[in-house]
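Overview (structure and organization)
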Amino acid sequence: MDIVTSTVNGVPLSIAKPESPAAQAPAVIVLQEAWGVNAHLESVLQRLAETGYLAVAPHLYHRGSQTVFTDFPSAKDSFMALTSDGLGHDVGAAVSYCRSEGSGKIGSLGFCMGGSVSLWCATVPLVDAAVTYYGGAVAEARWPGIPSGIELAAQLKVPWLGHYGDLDTSISPESVEQLRENAADLARVYTYADAGHAFNNDTAEHYNPEASALAWSHTMEFFAETL
């Protein structure tokens, strides 16, 4: 499945299209980890397209001179420069593209940094349903204009699904439980006993194939119901 690029409202988008899209086929906006729209994120776009979704990843670091990184120290300045206004513009550009392609409902799917953004998208709301994989900033806010995950959970406007590893040293099980309690009826939260941070990323050291496969099946079920 080929990845194509387009630019909408100044935002570069990486796009994977299903081979035979249905009328008003749903779309999923894929939100990057701290590294940017890299090979792992493109593989997620391809998997979604193979399942029948229009999959679009906005490049959230496009305002800087570099959009893809291999280590966090190099990415930190771009990471910390994000704001609610900028993220709203960038996700909005992806939504506009999906609408122009005839998509009906639109979901978001974010990993790590993008998981935090995906949860926020469900509160604005910018999408019809949202999924978060190990999104940080659960107990404390990270970016201007975007509250902590625990606060956002109480502001959900659309269905939201969260995936968290119990061995994640950056997100405590206690904060995940508080997030679950605040989210109430609009949310589903799954935890994975033997998984750490980035357990879905098959290019990272903490990749857990069992947890990854189970989380993906939950994600596909969730999108089938909500989109």
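Up top is the structure these notes are about.
A few points on the structure. (Residues numbered from 1 in each chain as written. Predicted model: local features only at pLDDT ≥ 70, side-chain atom pairs only at ≥ 80, totals over all residues. Heavy atoms only, no water.)

Moving on to helix H2 (residues 72–80). Restricting attention to buried positions, one finds in H2 the residues Ala 75, Ser 78 and Phe 79. For H2, the angular spread of the buried residues around the axis is 100 degrees, confining them to a single face. Facing away from the buried side of H2, by more than 90 degrees, are the exposed residues Pro 73 and Asp 77. (Buried < 20%, exposed > 50% of the residue type's maximum accessible area, 1.4 Å probe, protein only. Helix = DSSP H or I, 4+ residues; strand = E, 2+ residues; numbered from the N terminus. Arc of directions from axis to C-beta.)

Glancing now at the packing of aromatic side chains. Aromatic rings considered in pairs are described by the distance between their centres and by the relative angle of their planes. With the rule as written, the count across this model stands at 11 aromatic pairs. Looking at Arg 47, its charged tip hangs above the ring of Trp 216, at a distance of 3.9 Å from the centre. Sitting over the ring of Trp 143, Arg 142 keeps its end group 5.3 Å from the ring centre. (Phe/Tyr/Trp six-rings, centres within 6.5 Å; stacked < 30°, edge-to-face > 60°. Lys NZ or Arg CZ within 6 Å of the ring centre and 35° of its normal.)

This next bit is on the packing of helix H3 (residues 84–100) against helix H4 (residues 113–121). At a closest axis distance of 12 Å, the pairing of H3 and H4 adopts a crossing angle of 80 degrees. Viewed along their axes, H3 and H4 adopt a mutual orientation that is roughly perpendicular. Each of Ser 84, Leu 87, Gly 88 and Val 91 in H3 lies in contact with H4, whose residues at this interface are Val 117, Trp 120 and Cys 121. Broken down by class, the residue content of the contact of H3 with H4 amounts to 5 nonpolar, 2 polar and no charged. (Axes fitted to C-alpha atoms, helices over the stretch in contact; angles between N-to-C directions. Parallel < 35°, antiparallel > 145°, perpendicular 65-115°, else oblique. Contact = heavy atoms within 4.5 Å. Nonpolar A, V, L, I, M, F, W, Y, C, P; charged D, E, K, R; others polar.)

What follows is about the pattern of salt bridges. Applying the stated rule across the entire model yields 4 salt bridges. Across the pair Asp 90 and Arg 63 runs a salt bridge whose closest N-O atoms are separated by 2.8 Å. Of the two residues, Asp 90 is situated in helix H3 and Arg 63 in the loop between strand S4 (54–58) and H2; the sequence distance between them amounts to 27 residues. Exposure remark for Asp 90: the relative accessible area of 0% places this residue in the buried category. (Salt bridge = Lys/Arg side-chain N within 4 Å of Asp/Glu carboxyl O.)

This next bit is on the pairing of S4. Judged by how many residues are buried, S4 sits mostly within the fold: 5 of 5 residues are covered. Here S4 shows a buried face lined by Leu 54, Val 56 and Pro 58 and a second buried face lined by Ala 55 and Ala 57. Regarding topology, helix H1 (residues 39–50) serves as the crossover connection from strand S3 (residues 27–31) to the parallel S4, and that connection is right-handed. (Right-handed = clockwise from strand over helix to strand, strands pointing away.)

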